[in-house]
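Each chain is listed here by its residues.
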Amino acid sequence: MTTTQLYRLYCQSYAEFYREHGGVLLGARRPLTGVEAVVIEFAAEDAANGTSLRSPAQFEACVAAGLDALTPLGLQKGAA
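Residues numbered from 1 in each chain as written. Predicted model: local features only at pLDDT ≥ 70, side-chain atom pairs only at ≥ 80, totals over all residues. Heavy atoms only, no water.

Caption draft 1: Here's a closer look at the overall build of the protein chain. Scanning the protein chain for helices and strands turns up four helices and zero strands. Taken from the N to the C terminus, the helices and strands of the protein chain come in the order α-α-α-α. By residue count, 30% of the 80 residues in the protein chain fall in the buried class. (Helix = DSSP H or I, 4+ residues; strand = E, 2+ residues; numbered from the N terminus. Buried < 20%, exposed > 50% of the residue type's maximum accessible area, 1.4 Å probe, protein only.)

Now the structure itself:
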């Protein structure tokens, strides 16, 4: 998956966690890749602890910081 695809997942997961369920993370609607699961957990953590929704640049910086861990989980290197 690309960083752009993961950012969309982050935004969707953050909104669902925060708005619709008041702190209850939604169950997966389909099997998730490792990187998708990590991004959903990251969004849930941000929503739960009151962190504002990250901008695309902030999210990209987080991905860059975790590149070594995210690449084996399915992140496509060099893809925006």
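There's plenty left to go through after this.
Caption draft 2: Summary view of the nonpolar core. With 16 residues, the main nonpolar core has Leu6, Tyr10, Val39, Phe59 and Leu75 as its most contacted residues. Apart from residues lying up to four places away in sequence, Phe59 is in contact with Thr3, Leu6, Tyr7, Tyr10, Val39, Phe42 and Arg54. (Core = buried A, V, L, I, M, F, W, Y, C linked by side-chain atoms within 4.5 Å. Contact = heavy atoms within 4.5 Å.)

Caption draft 3: Main features of the side chain of Asp46. Secondary-structure assignment places Asp46 in helix H2 (residues 34-49). Given a relative accessible area of 2%, Asp46 falls into the buried group. Among the polar contacts made by the side chain of Asp46, one reaches the side chain of Arg54 at a distance of 2.6 Å. (Polar contact = N/O pair within 3.5 Å; in protein donor to acceptor, adjacent residues only side chain to side chain.)

Caption draft 4: Representation of the packing of aromatic side chains in the model. As enumerated under the stated definition, the model contains six aromatic pairs in all. For the ring pair Phe42 and Phe59, a centre distance of 6.4 Å and an interplane angle of 45 degrees mean the geometry is tilted. Residue Phe42 is located in helix H2, and its partner Phe59 is located in helix H3 (residues 56-65); the two are separated by 17 residues in the primary sequence. By relative accessible area, Phe59 is classed as buried at 2%. Every member of this aromatic cluster is reached through a ring pair, and the members are Tyr7, Tyr10, Tyr14, Phe42 and Phe59. (Phe/Tyr/Trp six-rings, centres within 6.5 Å; stacked < 30°, edge-to-face > 60°.)

Caption draft 5: Highlighting the side chain of Ser13. Position of Ser13 relative to the elements: it lies in helix H1 (residues 3-20). Residue classification places Ser13 among the buried positions, given a relative accessible area of 6%. At 2.8 Å, the side chain of Ser13 forms a polar contact with the backbone oxygen of Leu9. Leaving out residues up to four positions away in the same chain, Ser13 has contacts with Ile40 and Ala43.

Caption draft 6: Fine view of the environment of Glu41. Examined against the element boundaries, Glu41 turns out to sit in helix H2. By relative accessible area, which is 57% here, Glu41 ends up exposed. Sequence separation between Glu41 and Tyr10 is 31 residues, and the spatial gap between their C-alpha atoms is 8.9 Å.

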